[in-house]
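Structure at a glance
Here are the chains, one letter per residue:
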Amino acid sequence: MLASEVAEWIGTNITNCSFDSTGVTGNVFISTMPSSPDTVVMVSEYGGIVDDKNPFSDINVQARVRGTKDPRVGYNIAKEIFDELQGLTNTTLISSGSSVIKVVAQNTPIDIGRDDNGRHEWTVNFNIEVRDIGTNRS
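Source: prediction; values computed, not measured. (Residues numbered from 1 in each chain as written. Predicted model: local features only at pLDDT ≥ 70, side-chain atom pairs only at ≥ 80, totals over all residues. Heavy atoms only, no water.)

This next bit is on unusual backbone geometry. Each neighbour pair has its own omega, and for S36 with P37 the value is 5 degrees, a cis peptide bond. Looking at where P37 falls in the secondary structure, it is placed in the loop between β1 (28-30) and β2 (40-50). Of note, N16 is a non-glycine position whose phi angle comes to about 65 degrees, a positive value. Tracing the backbone through its elements, the reader meets N16 in the loop between α1 (2-13) and β1. Backbone geometry at N90 places phi at a positive 40 degrees, although glycine is not the residue there. (Helix = DSSP H or I, 4+ residues; strand = E, 2+ residues; numbered from the N terminus.)

Structure (structure tokens):
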């Protein structure tokens, strides 16, 4: 699951972020946003395009960042995620992960408002092209 790889990468490479593969601790999660801690990154996949013959898939991934009542906290994390992933090419996000051909951001950080507790939220969306070999794709 590419969202898991991106979450682990964010937890390792982005300031003040940590990922726990068991989902118990840290502040980077896959497809869930717990009510605490205040500062949280949720990484989700939301579709993409698959080439029927070539071994490549374009997968869309969103990083949704919740900060504090100070809008700069969440924005700074979202901007750092954008800065570090945008334009990344020919790499593997984690040692056992997918072969990433290129990462293209679909937007800079977007302010999506505040949650019920007044904490600011931001999103950054990426299209990630990965090498994706299957039974009929080599």
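Examined bridge by bridge, β2 and strand β3 (residues 56-66) share nine bridges and lie antiparallel to one another. By the bridge assignment for β3, M42 is matched with R64. (Pairing = 2+ DSSP bridges.)

Scanning the model with the defined rule gives five salt bridges in all. Among the ionic pairs, R72 bridges to D70, the shortest N-O distance being 2.9 Å. The exposure class of D70 is partly exposed, given its relative accessible area of 26%. (Salt bridge = Lys/Arg side-chain N within 4 Å of Asp/Glu carboxyl O. Buried < 20%, exposed > 50% of the residue type's maximum accessible area, 1.4 Å probe, protein only.)

Between the first and last C-alpha of helix α2 (residues 71-85) there are 22 Å, a value that for 15 residues agrees with the 21 Å anticipated at 1.5 Å per step. Within α2 the residues assigned to the buried category are G74, I77, A78, I81, F82 and L85. When α2 is viewed along its axis, its buried side chains cluster within an angular range of 135 degrees and face the same direction. Residues of α2 that are buried make contact with α1, β2, β3, β5 (99-105) and β7 (120-131). Positive phi appears at G87, one or two residues downstream of α2, with a value of about 85 degrees. (Expected span 1.5 Å × (residues − 1). Arc of directions from axis to C-beta. Contact = heavy atoms within 4.5 Å.)

Attention now goes to the packing of α1 against α2. Two quantities define a packed helix pair, namely the angle between the helix axes and the distance between the axes. Remark: α1 packs on α2, axes separated minimally by 11 Å, with the N-to-C direction vectors making an angle of 105 degrees. Considering the angle they form, α1 stands roughly perpendicular to α2. Facing α1, whose interface residues are V6, W9, I10 and N13, α2 presents E80, I81, E84 and L85. Residues that form the contact of α1 with α2 fall into these classes: five nonpolar, one polar and two charged. (Axes fitted to C-alpha atoms, helices over the stretch in contact; angles between N-to-C directions. Parallel < 35°, antiparallel > 145°, perpendicular 65-115°, else oblique. Nonpolar A, V, L, I, M, F, W, Y, C, P; charged D, E, K, R; others polar.)

This brings us to the nonpolar core. Ranked by internal contacts, the top residues of the largest apolar core, which has 30 residues, are V6, I10, V41, V43, I81 and I128. At the level of elements, α1, β2, β3, α2, β5 and β7 are the ones that each hand at least two residues to this core. When residues of this core are assigned to their parent elements, the largest contribution, six residues, is made by α1. Not counting residues within four places of it along the chain, the set of residues in contact with V43 comprises A3, V6, A7, I10, V28, F29, I30, S31, V61 and Q62. (Core = buried A, V, L, I, M, F, W, Y, C linked by side-chain atoms within 4.5 Å.)

What follows deals with the packing of aromatic side chains. Applying the stated criterion across every chain, the model contains one aromatic pair. Taken together, a centroid distance of 5.2 Å and an interplanar angle of 70 degrees make the contact between Y75 and W122 edge-to-face. Residue Y75 is found in helix α2, and its partner W122 is found in strand β7; the two are separated by 47 residues along the sequence. The exposure class assigned to Y75 is partly exposed, which follows from its relative accessible area of 30%. Taking the relative accessible area as the measure of exposure, W122 reaches 10% and is therefore buried. (Phe/Tyr/Trp six-rings, centres within 6.5 Å; stacked < 30°, edge-to-face > 60°.)

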